[in-house]
Amino acid sequence: MKESEDQAPNARSWREIPQPVRPRTMSREGRKRFALSTLKTAGLALGAAAAVWGVVEIAGIWQAEPKRIARAVGTAFVNRIEVRTDGRLSQDWVEHTLDLPKNVTLMELDLARLQQRMLAHGQVRSVRLTKQFPSTLGVVITERSPVARLRAEDGRDLLVARDGVIFAGVGYTEAGVTASLPWLDGIKLERTETGFAPIEGMVTVAELLAKAHNEATGLYRTWKVVNLARLDSDGEIEVRSSDIQKIVFSTRLDFLTQIARLDYVRDAQKVPLKSVNVGLGPQVVVDYDTAAVIDKPAASPARNSSGYRFILPDSNVSAHRQTHRDL
């Protein structure tokens with residue numbers, strides 16, 4: 001008995017005794033859920049792979065055949081160009097300038113290139129192009145307005161805008177539209193690839209013309225030629241009118257005051273004037289036409305080497321100007 005006890009294993013609990021048990025068999029519902037989960041995972045993987053493949057294929061086709069993609073996106077051809085402008089450019093001019101190919105869609109249009117084609121014409125200050133699906137191209141134009149005109153060496157009459165840009169003037173062929181604009185002289189035109197380079201200093205000249213047109217319309221209408229030969233060197237603008245051969249303005253003085261002094265002297269003198277310099281401040285130098293009979297000047301001028309010099313108090317000029325406004 002004692003021996004058998006000594007040979008027995010040291011098992012302190014029944015839990016330590018090996019008890020082999022067959023694994024529990026998976027139920028039918030469990031197998032179904034497992035199969036659905038496996039199919040779902042495989043489907044997601046296949047979908048992701050197909051999406052990546054589609055992106056790669058579309059990118060390749062777009063690089064190789066962009067026109068085919070464009071036609072697939074929008075197959076309607078451009079059949080209308082809607083033009084809005086604040087000037088004189090016509091619908092026909094815009095269509096001719098854009099020169100769109102036949103049977104072209106909005107998706108195929110290069111708006112940046114078309115915009116540059118429009119801006120190559122000096123009359124166009126700015127242009128905005130928009131695609132209006134399915135088949136309309138919108139064109140909004142801001143035009144330059146002429147302030148003077150000039151004649152090129154080839155005999156063409158051209159127009160000049162406030163910023164000095166020179167353009168042909170489409171739509172300005174009607175009688176009287178540009179007839180009142182003065183001619184420019186004393187300038188040298190510089191050719192560029194698209195026409196002529198802008199005239200420097202034209203902003204200052206345009207300011208003088210605008211002040212005369214707005215404040216002394218009758219005086220402005222007599223101005224025929226504006227000479228810019230001494231604009232850069234001496235800061236002077238010379239004007240030839242229908243009754244005075246030479247009128248000198250200074251860019252260093254207020255234009256409105258100089259115009260008022262010119263108007264005062266012009267009305268005060270009873271004989272034809274040959275030249276008037278109002279660019280010296282209150283002192284106005286006047287030369288009479290030697291072919292005319294000179295009476296005693298009303299302002300009793302003093303003769304010097306430059307002609308007759310008048311001292312015009314600003315109060316007299318202001319009163320004269322106010323009288324003209326009241327009339």
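A quick note: this is a predicted structure, and the numbers were derived from the prediction, not measured.

Asker: Could you clarify how one ought to interpret the overall build of the chain in this entry?
Answerer: Assigned secondary structure in the chain consists of 10 helices and 14 strands. Sorting the 327 residues of the chain into buried and exposed places 34% on the buried side. Residue pairs in contact within the chain that sit at least 24 positions apart in sequence constitute 51% of those at least 6 positions apart. Accessible surface computed for the chain: about 21300 Å², of which carbon and sulfur atoms make up 52%.

Asker: So what exactly am I meant to see when it comes to the packing of helix H4 (residues 91-98) against helix H5 (residues 111-119) here?
Answerer: If you want to describe how two helices pack, look at the angle between their axes and the distance between the axes. In the contact formed by H4 and H5, the axes pass within 9 Å of each other and the chain directions differ by 120 degrees. By the angle between their directions, the pair H4 and H5 is classed as oblique. Regarding H4 and H5, the two cross each other, and that crossing is right-handed. Where H4 approaches H5, its residues Trp-93, Val-94, Thr-97 and Leu-98 are matched on the opposing element by Leu-114, Arg-117 and Met-118. Looking at the contact of H4 with H5, its residues break down into five nonpolar, one polar and one charged.

Asker: Looking at this structure, I do not really get the nonpolar core. What am I missing?
Answerer: Generally speaking, a soluble globular protein has its nonpolar side chains buried in company with each other. Core analysis: the biggest nonpolar cluster contains 44 residues, and Leu-184, Trp-223, Ile-237, Phe-249 and Leu-262 have the highest contact counts within it. Looking at this core, the element that brings in the most residues is helix H6 (residues 202-215), giving six residues. Aside from chain neighbours lying at most four places away, what touches Ile-237 is Val-205, Leu-208, Val-226, Asn-227, Leu-228, Leu-231, Ile-247, Val-248, Phe-249, Thr-251 and Phe-255. Counting 17 residues, the second-largest nonpolar core is a separate cluster that includes Leu-89, Leu-98, Met-118 and Val-124.

Asker: Sorry if this is basic, but what is going on with the pairing of strand E5 (residues 157-161) here?
Answerer: Side-chain positions along a regular strand alternate between the two faces of the sheet. Counting buried positions along E5 yields four of five residues, so the element is predominantly enclosed. Where strand E4 (residues 146-151) and E5 come together, five bridges link them in antiparallel fashion. Each residue of the ladder has a partner; that of Pro-146, found in E5, is Ala-161. Here E4 hands over to E5 after five residues, with Gly-155 in that stretch at a positive phi of 90 degrees.

Asker: Just checking my understanding: could you explain the packing of H6 against helix H9 (residues 255-268) for this structure?
Answerer: Running from amino to carboxyl end, H6 crosses H9 at an angle of 50 degrees, the nearest separation of the two axes being 10 Å. For the element pair H6 / H9, the angle class is oblique. Pair H6 / H9 crosses with right-handed handedness. Of H9, the residues touching H6 (which contributes Thr-204, Glu-207, Leu-208, Lys-211, Ala-212 and Glu-215) are Phe-255, Leu-256 and Ile-259. A breakdown of the residues in the contact of H6 with H9 according to their chemical character gives five nonpolar, one polar and three charged.

Asker: Could you clarify how one ought to interpret the packing of aromatic side chains in this entry?
Answerer: According to the stated counting rule, one finds two aromatic pairs in the structure shown. Centroid distance Tyr-220 to Trp-223: 6.2 Å. Interplanar angle 55 degrees. Geometry classified as tilted. Accessibility assignment for this pair places Tyr-220 and Trp-223 in one class, buried. Grouped by ring-pair contacts, the aromatic residues Tyr-220, Trp-223 and Phe-249 constitute a single cluster. A cation over an aromatic ring shows up here: Arg-88 above the ring of Tyr-172, its NZ or CZ 5.1 Å from the ring centre.

Asker: When you look at H9 in this model, what are you seeing that I'm missing?
Answerer: Helical geometry: 3.6 residues make up each α-helical turn, so side chains three or four residues apart lie on a common side. Compared with an ideal rise of 1.5 Å per residue, which puts 14 residues at 20 Å, H9 spans 20 Å between its outermost C-alpha atoms and is within 8% of the ideal. Of the residues flanking the start of H9, the one acting as N-cap is Asp-254, its side-chain oxygen 3.3 Å from the backbone nitrogen of Leu-256.

Asker: Is there a simple way to explain the side chain of Thr-178 in this structure?
Answerer: Within the element layout of this structure, Thr-178 appears in the loop between strand E6 (166-167) and strand E7 (183-185). Among residues more than four places away in sequence, those in contact with Thr-178 are Arg-149, Leu-159 and Tyr-172.

Asker: What am I meant to see in the pairing of strand E12 (residues 283-288) here?
Answerer: One ladder, built from four bridges, connects strand E11 (residues 273-277) with E12; its direction is antiparallel. Its bridge partner lying in E12, Val-276 is registered against Val-286. Following E11, the chain reverses through five residues before pairing antiparallel with E12; Gly-281 in that reversal takes a positive phi of roughly 85 degrees.

Asker: Would you mind going over the sheet that holds strand E1 (residues 80-85) with me for this structure?
Answerer: Two orientations exist for strands paired in a sheet by backbone hydrogen bonds: parallel and antiparallel. Pairing within the open sheet is mixed, and its three strands lie in the order E1-E3-E2. Because the sheet does not close on itself, it has two edges, and the strands there are E1 and strand E2 (124-132). The mean inter-strand angle of the sheet, taken between neighbouring strand axes irrespective of direction, is 20 degrees. The sheet contacts of H4 involve E1, E2 and strand E3 (136-143), and relative to E1 the element is tilted by about 120 degrees.

How each quantity is defined
- Residues numbered from 1 in each chain as written.
- Predicted model: local features only at pLDDT ≥ 70, side-chain atom pairs only at ≥ 80, totals over all residues.
- Heavy atoms only, no water.
- Helix = DSSP H or I, 4+ residues; strand = E, 2+ residues; numbered from the N terminus.
- Buried < 20%, exposed > 50% of the residue type's maximum accessible area, 1.4 Å probe, protein only.
- Contact = heavy atoms within 4.5 Å.
- Areas by Shrake-Rupley, 256 points an atom, 1.4 Å probe, with all protein chains shown as cover.
- Axes fitted to C-alpha atoms, helices over the stretch in contact; angles between N-to-C directions.
- Parallel < 35°, antiparallel > 145°, perpendicular 65-115°, else oblique.
- Left-handed = near helix turned anticlockwise from the far one by under 90°.
- Nonpolar A, V, L, I, M, F, W, Y, C, P; charged D, E, K, R; others polar.
- Core = buried A, V, L, I, M, F, W, Y, C linked by side-chain atoms within 4.5 Å.
- Pairing = 2+ DSSP bridges.
- Phe/Tyr/Trp six-rings, centres within 6.5 Å; stacked < 30°, edge-to-face > 60°.
- Lys NZ or Arg CZ within 6 Å of the ring centre and 35° of its normal.
- Expected span 1.5 Å × (residues − 1).
- Polar contact = N/O pair within 3.5 Å; in protein donor to acceptor, adjacent residues only side chain to side chain.

Interpretation in functional terms is not warranted from these geometric data alone.
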